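# Reading the structure
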Amino acid sequence: MSNNNHFPLLKSRARIGKLELRNRFVLAAMGSNFAEKDGTCGERIQAYYENQARGGVGLIVLETSSIVWPAACSMPHMVGFSEDRFIPGLTQLADRVHKHGARIAAQLNHSGKVSQEDTVAGRPLWVPSLLQKGTSDMLSLLTPKELGNFIKAAGPDGKGPSYHVMDQADILALIQQFAAAARRAKQAGFDALEIHAGHGYIISSFLSPAVNKREDQYGGSLPNRARLLTEIIRAVRAEVGADMPILVRLDAKEYRIEGGITPADFVQTAKLAEEAGADAIDVSAYGNTAKGIAFTEAPLVHQPGGFLEFAKMAKAALSIPIIAVGRVELDVAEKGLATGHFDFVAMGRKLLADPTLPSKVMADQPEQIRPCIYCYICVSQIFINQPLMCAVNPNLGNEHREHLIASSNESKRIIVVGSGPGGMEAAKVLAERGHRVSLWEKERDLGGTARIAALAYEPNGRLIRYLADSLRRLAVDIQLGKLATLEALRAERPDHVIVATGAARKAPEIPGKHLKHVFDGDQMRGLLFGTDAAAARKLPLYQRLMLAAGRNLQLLRHIGLMRTLSHFWMPIRKQVVIIGGGLVGLEMAEFLVARGRKIVVLEPTANLGPELSIVRRSRVVHLLKEHGVELVTNADIRAIESQHVTYQLDGKDYQAQGQQVIIALGASADTSLADQLQAGGLQAVAVGDCKRVGYIDGAIHDARAIASTI
Ligand SMILES: Cc1cc2nc3c(=O)[nH]c(=O)nc-3n(C[C@H](O)[C@H](O)[C@H](O)COP(=O)(O)O)c2cc1C
Ligand code: SF4
C-alpha cells in the first residue's frame with residue numbers, strides 16, 4: 001500500500017438529511033433483471049447488492065423498482081414495492097447491505113410510457129397526454145437473435161403499445177401508491193428513498209413539455225408540470241416522517257427531444273422539489289430513445305463528466321446535497337467536491353466493472369481498479385431483456401454462486417501463450433490462485449489484437465494497462481518476443497498450457513486481394529505497430545522510411561502516442577475501402593475517419609457490427625454516418641481493382657473508390673496450436689478467440705472460467 005492520501009474528500013463522511021454516509025461514493029441505480037419472476041428479491045439480487053456493499057460504497061441506490069408491480073415495469077425481472085409480500089426479501093437485502101457498512105435507498109418508480117412489461121401483457125401505458133407512436137433507429141441494427149428478444153415487446157396483438165391518459169383519480173392513486181411503496185421500504189429497513197423523476201418515466205413525462213400536453217393543473221406552466229412530483233414528495237414525507245431522506249432523480253436536459261426539458265427547467269424543478277421536502281437531488285439526463293445515439297448522450301453519457309455542468313448549476317441554486325453522475329473519473333470527482341460543485345458522486349458502470357472501487361480508493365490503491373471499457377454490454381443486456389452482465393467483470397451476476405476464484409490447493413507451473421485480454425486475464429486469475437505463471441507473447445508488447453482495438457477506442461487501452469500492471473504486481477513471469485512451439489513448451493515441463501493466441505485471420509478469396517494496396521486486418525495492425533515487415537514492403541519507399549523511423553524511435557510501441565501521432569501521419573491513403581463491417585471493420589473505420597480518411601465499408605451480410613453491443617453498435621454506426629462514411633450491407637464483393645472495389649447490390653454493379661483496401665473479414669477460431677500441444681502430450685487448453693471468435697467479454701469470461709478450474 002502506498003503512503004499517499006489520495007482523494008481525501010471522496011473518502012470523507014457526509015450526510016444526506018440525517019443519514020450519515022461513510023464516504024461520497026453512491027452506487028447509481030442500475031436495472032439488473034436479477035429479481036425473481038414474482039418481483040421479490042431472492043438470493044441472486046441480494047448477493048449482488050451485498051457484494052456492492054462489501055466493495056465499500058457509501059450509499060447504494062437500488063435499481064428502478066415498481067410501485068405497482070407487475071404493472072409499470074420496464075424489464076421482466078423488476079423489483080416490486082407494491083405489496084407487503086415483497087417486504088421479507090427487501091428486508092434481507094437491506095440487512096445484507098448494512099452488514100458491510102453501506103446504506104441503501106429504494107428507487108421508487110412507475111415506468112409510464114416506458115413500461116414495456118405492460119405492453120407485453122396487453123395493458124395500456126399510463127401517460128399524461130396522448131403520444132405519437134415511434135420506433136427506434138436501433139431496431140434496424142439488431143441481429144435476428146436480438147430481434148427475437150424484442151418480439152414479445154410488441155404485445156399480444158403484435159401492434160405495439162397502447163396508451164391510457166391519466167385522469168385526476170389516476171393521479172391521486174399514483175401519489176398514494178408512491179407513498180405506500182415508501183412505507184414498505186421503510187418497513188424493510190431501507191435508509192432512504194429515491195423518487196425517480198427522470199428518464200422518460202411517469203414523473204418525467206409530466207415534467208417534460210415535449211410530452212405533457214395537459215390543460216389541467218398538472219400541465220402547462222412548469223409549476224403545474226412539477227405538481228405531480230411535489231405532491232408525491234409531500235405524500236411520501238407524510239408517510240415516512242421527517243428522518244428518512246428523500247432523494248429525487250431529475251433530468252437536467254432532454255437530448256434530441258424537441259421542446260424537451262432544459263437545464264433552466266431542471267433548476268427550477270429542483271428548487272420546487274427542495275421546497276416540497278427533498279433532501280438531495282441526483283442529477284441525470286435523458287435522450288430521445290428513437291435515436292440510438294441519444295442513449296449514449298443520456299442517461300448513459302459517453303462524454304466523460306458530461307453532466308457535471310448541470311450538477312454545478314443545481315448546487316449554485318439549492319442548499320440540499322447534490323449528487324453528480326455520468327462517467328465521472330476519480331480526480332474529476334475529487335476536484336468537483338473541492339470546488340463545491342456537488343456533494344456526492346454516483347457511479348454506475350465503474351462499479352459494475354469493479355465493485356471494490358471505493359475500498360481501493362480508501363486503501364490508496366486506485367491503480368488497482370479494474371476499468372470500465374464503455375462497451376455498453378451491461379445496458380444492452382437490459383435492452384434485450386437479459387440479466388445484467390459486465391464485459392470485464394465475469395463475477396457480476398454470479399455473486400450468488402460459489403466464489404469463482406477460490407485459491408488452489410496446489411501451486412502448479414502454468415504457461416499462458418498469448419497476451420490478449422483473454423491470455424492476460426487467465427494469467428492474472430491463475431497467479432491470484434497461487435499458481436506459478438509464465439506468460440509468453442510473440443510480439444514485443446502485451447495486448448495482442450486488443451492493441452489495435454485500443455488504438456481505435458481508448459478505453460480498451462486502459463484494460464490492457466490494468467491487466468499488464470496486475471500481472472507485474474503478481475510477479476507473473478512475462479516473456480516478450482517468445483514464440484510458443486511444442487519443443488519450447490515441452491522443455492519448460494509445465495503442468496498446464498493455456499493457449500490464448502487469438503483468431504486466425506485469412507482474407508477470403510477475392511480477386512485482387514494480393515494487390516499491393518490491399519491489406520488484411522493483421523497486416524494493418526502490423527503496419528501501424530511496425531511489426532509486420534512483409535506488409536511494410538507493400539508500401540512506397542517514403543512510407544517505409546517513416547515507419548522505420550517510428551519503429552527505431554520506439555514510437556510505435558506506445559498506444560496513446562500512436563493515437564495522437566496518427567492524426568498527423570500514418571501509412572494510409574486518403575480514400576479507403578474496408579471490406580467487412582463487423583467489429584474490426586467498424587472500429588477501423590472509426591479510427592480512420594477520425595483521421596480525415598474517406599471511407600466506404602462493404603459488408604457482405606445484412607448486419608453491421610454484430611459483435612458489438614446494441615448500444616455501442618448504434619452509436620458507432622450513427623457517428624460513422626454522421627462523418628460521411630458510406631456503409632453498404634448485403635454487398636456481394638466481386639473484385640478489388642487498383643483504384644476501386646467492384647460489388648453487386650440487388651444484382652446491380654457498383655464501384656467503391658479507394659486507393660487502399662483493408663479486408664476485415666475472415667476471422668475464425670484456430671485451435672491448431674492447442675491441438676498440436678495436446679497431441680504432443682501437454683495438458684493444453686484453448687481460451688478466447690482461438691476457441692470461439694467474439695468480443696473482449698467472451699475472451700475474459702472464458703479465460704476466467706477456465707483459469708478458475710485449474
Ligand atoms: C445497466 C444499467 C442500468 C441502468 N438502470 C437504471 C435504473 O434502473 N435507474 C436509473 O435511474 N438509472 C439507471 N441507469 C443509469 C445510471 O444510474 C447512471 O446514471 C448512468 O449509468 C451514468 O453513470 P455512469 O457513467 O457512472 O455509468 C442504468 C445504467 C446502466 C449502465
Ligand atoms: S459492460 Fe462494458 S460498459 Fe458496462 S460496466 Fe462493464 S465494461 Fe463498462
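Since we're looking at a predicted model, the values are computed, not measured.

Turning our eyes to something else, we now look at the overall build of the chain. Across its full length, the chain carries 27 helices and 28 strands. The C-alpha radius of gyration of the chain comes to 27 Å, within 12% of the 27 Å expected for a compact globule of 710 residues. Per-residue burial over the chain gives 54% buried out of 710 residues.

What the 3 strands build is an open sheet, ordered E23-E24-E25; its pairing is antiparallel. Each of the sheet's edge strands pairs with one partner strand only, and the pair in question is strand E23 (636-640) and strand E25 (652-657). Taking the axes of each pair of neighbouring strands and ignoring which way they run, one obtains an average angle of 25 degrees across the sheet. Where E23 lies against strand E24 (residues 644-649), 4 bridges are found, and the strand directions are antiparallel. Opposite Ala639, over in E24, you have Thr646 as the bridge partner.

Here we come to the site of ligand 2. In the region of ligand 2, 13 residues are neighbours, and Arg349, Leu352, Cys372, Cys378 and Cys390 sit closest. At the level of secondary structure, the elements contributing two or more residues to the shell around ligand 2 comprise helix H13 (349-353) and helix H15 (377-383). No other element matches the 3 residues that H13 contributes to the shell around ligand 2. Tallied by class, the residues present in the shell around ligand 2 amount to 12 nonpolar, no polar and 1 charged.

Moving on: the domain arrangement of the chain. For the chain, the assigned domains read domain 1 (14-383), domain 2 (413-503 + 669-707) and domain 3 (505-667). Contacts between domain 1 and domain 3 engage 17 residues on the former and 12 residues on the latter. Elements supplying a minimum of two residues to the side of domain 1 that touches domain 3: helix H10 (292-295) and H15. Sorting elements by how many residues they give to the side of domain 1 that touches domain 3 places H15 first, with 4 residues. Looking at the side of domain 1 that touches domain 3, its residues break down into 10 nonpolar, 5 polar and 2 charged.

Attention now goes to the nonpolar core. Counting residues in hydrophobic clusters, the biggest one holds 234 residues, and the most contacted among them are Leu193, Ile281, Val283, Ala324 and Val499. Looking at this core element by element, the count peaks at 8 residues for helix H5 (residues 168-187).

Turning our attention to the pairing of strand E4 (residues 59-66). Counting buried residues along E4, 8 of its 8 residues qualify, which places the element largely inside the surrounding structure. Where E4 meets strand E6 (residues 103-109), 6 bridges bridge the pair, whose relative direction is parallel. Considered in E6, the bridge of Ile60 is made with Ile104. Of the pairings in the sheet, the one linking E4 to strand E5 (residues 79-80) comprises 2 bridges and is parallel in character. Of the residues in E5, the one forming a bridge with Ser66 is Gly80.

The interhelical angle for the contact between helix H8 (residues 227-240) and helix H9 (residues 263-276), taken along N-to-C directions, is 25 degrees, at an axis separation of 9 Å. The angle between the axes of H8 and H9 places the two elements in the roughly parallel class. Crossing of H8 over H9 shows right-handed handedness. Residues Leu229, Thr230, Ile233 and Arg234 of H8 form the contact with H9, whose participating residues are Leu272, Ala273 and Ala276.

Before going further, it helps to examine the site of ligand 1. Taken together, 25 residues surround ligand 1, and among them Ala28, Met30, Thr64, Gly348 and Arg349 come closest. Of all the secondary structure elements, the ones that give two or more residues to the shell around ligand 1 are E4, H13 and H15. Ranked by the residues each element gives to the shell around ligand 1, the list is headed by H15, at 3 residues. Residue classes in the shell around ligand 1 are distributed as 12 nonpolar, 8 polar and 5 charged.

On to the environment of Met78. Tracing the backbone through its elements, the reader meets Met78 in the loop between E4 and E5. In the structure, Met78 is positioned 39 residues away from Gly39 in sequence and 5.6 Å away in space, judged by C-alpha atoms. Excluding residues that lie within four positions of it along the chain, Met78 makes contacts with Ala35, Gly39, Ser65, Ser66, Trp69 and Cys73.

Averaged over the chain, the pLDDT score is 93; the fraction of residues at 70 or greater is 96%. Taken element by element, the predicted model of the chain shows its lowest mean pLDDT in helix H22 (residues 541-552) (68) and its highest in strand E3 (residues 25-27) (99).

Along helix H24 (residues 583-593), 9 of the 11 residues are buried, which leaves the element largely enclosed by surrounding structure. Buried within H24 are the following residues: Leu583, Val584, Gly585, Leu586, Glu587, Met588, Ala589, Phe591 and Leu592. As for H24, its buried residues are in contact with helix H17 (450-456), helix H20 (521-529), strand E20 (575-579), strand E21 (598-602), helix H25 (614-626) and strand E26 (660-663).

Attention shifts here to the environment of Asp282. In this structure, Asp282 sits in strand E11 (residues 280-287). Classification of Asp282 by C-beta neighbours within 10 Å gives buried; the count is 29. If we skip the residues at most four places from it in the chain, Asp282 touches Glu194, Leu247, Val248, Arg249, Ile323, Val325 and Ala346.

Another point: the sheet that holds strand E17 (residues 496-499). Taken together, the 5 strands give an open sheet; going across it, the order is E16-E15-E14-E17-E28, and neighbouring strands pair in parallel fashion. The sheet is open, and its two borders are formed by strand E16 (477-480) and strand E28 (684-686), each paired with just one other strand. With direction set aside, neighbouring strand axes in the sheet form an average angle of 20 degrees. Bridge analysis of E17 against E28 gives 3 bridges, and the strand direction is parallel. Looking at E28, one finds that Ile498 is bridged to Val685. Lying on the sheet, helix H26 (residues 672-679) is in contact with E17 and E28; it crosses E28 at an angle near 165 degrees.

What counts as what
- Residues numbered from 1 in each chain as written.
- Chains lettered and ligands numbered in written order.
- Predicted model: local features only at pLDDT ≥ 70, side-chain atom pairs only at ≥ 80, totals over all residues.
- Helix = DSSP H or I, 4+ residues; strand = E, 2+ residues; numbered from the N terminus.
- Rg over C-alpha atoms; globule rule 2.2 N^0.38 Å.
- Buried ≥ 20, exposed ≤ 12 C-beta atoms within 10 Å, placed from the backbone.
- Pairing = 2+ DSSP bridges.
- Axes fitted to C-alpha atoms, helices over the stretch in contact; angles between N-to-C directions.
- Near = placed C-beta within 6 Å.
- Nonpolar A, V, L, I, M, F, W, Y, C, P; charged D, E, K, R; others polar.
- Domains from an automatic or database assignment.
- Contact = placed C-beta atoms within 7 Å.
- Core = buried A, V, L, I, M, F, W, Y, C linked by C-beta atoms within 7 Å.
- Parallel < 35°, antiparallel > 145°, perpendicular 65-115°, else oblique.
- Left-handed = near helix turned anticlockwise from the far one by under 90°.
- pLDDT = per-residue confidence, 0-100.

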